[in-house]
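Listed here are the chains, written in short residue letters.
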Amino acid sequence: MRLLRQKADARADLNTALHRARTENKQVLVAFGAHRSADRQAVSKEMAAGPVAAHVAQRYIVTKVDVGDFNKNLDLARQMGDAVKKGIPAVAVVLADGSFQ
């Protein structure tokens with residue numbers, strides 16, 4: 001799983017994940033969080049190891065989106081049904097064709 005970069009281009013990362021998802025016949029799991037959030041780190045750790053990891057790896061291409069202090073990449077969150085409305089960390093599932101669940 002890719003590490004969250006502070007200066008990452010979230011839209012470019014999502015487009016790359018969508019391309020991979022189409023190629024690998026998977027969906028995209030978009031994980032919204034804050035770069036230094038302990039909760040985000042805990043979710044990342046859980047998705048990378050343990051019983052959840054195999055399920056995630058088999059079905060999803062994971063991409064992370066940094067929302068900072070709710071002042072970054074909120075356009076992506078809104079596109080996905082305001083995924084961060086109830087707080088972070090939050091996830092959204094995007095089908096390989098770009099539609100949202």
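Described in the following lines is the structure provided in the data block. Along each chain, the written sequence defines residue order, and numbers are assigned to residues from 1. Reporting in this predicted model follows two pLDDT cut-offs: at least 70 for local features of residues, and 80 or more for side-chain atom pairs to be given and counted; totals over whole chains, interfaces and linings ignore these cut-offs and use all residues. As a rule here, side-chain values cover all heavy atoms of the structure and leave hydrogens and water aside.

Notes on the pairing of strand 1 (residues 27-33)
Next, step 1: Per-residue accessibility, obtained with a 1.4 Å probe over protein chains only, is compared with the maximum for each type, and a residue is labelled buried under 20%, exposed over 50%, and partly exposed between these values. Helix and strand labels come from DSSP, where a helix needs a run of H or I of at least four residues and a strand needs a run of E of at least two; each type is numbered from the N terminus. The buried count for strand 1 comes to six of seven residues, which makes it a mostly enclosed element.
Next, step 2: One ladder, built from seven bridges, connects strand 1 with strand 2 (residues 60-66); its direction is parallel. Considered in strand 2, the bridge of Gly 33 is made with Asp 66.
Next, step 3: Direction of pairing for strand 1 relative to strand 3 (residues 90-94): antiparallel, over a ladder of five bridges. Across the sheet, residue Leu 29 finds its bridge partner in strand 3, namely Val 93. Two strands are counted as paired when DSSP detects at least two bridges linking them.

Describing helix 1 (residues 10-24)
Next, step 1: In a helix, the anticipated span is given by 1.5 Å times the number of residues less one. Here helix 1 contains 15 residues, and its C-alpha end-to-end distance of 21 Å stays within 8% of the 21 Å for a straight helix at 1.5 Å per residue.
Next, step 2: For helix 1, the set of buried residues is Ala 10, Asp 13, Leu 14, Ala 17, Leu 18 and Ala 21. Down the axis, helix 1 shows its buried residues gathered within 140° of arc, on one side only.
Next, step 3: Two residues or fewer past helix 1, Asn 25 is found with a positive phi of approximately 55°. Along the arc lie the directions from the helix axis toward the C-beta atoms.

Without other data, these values stay purely geometric and don't point to any function.
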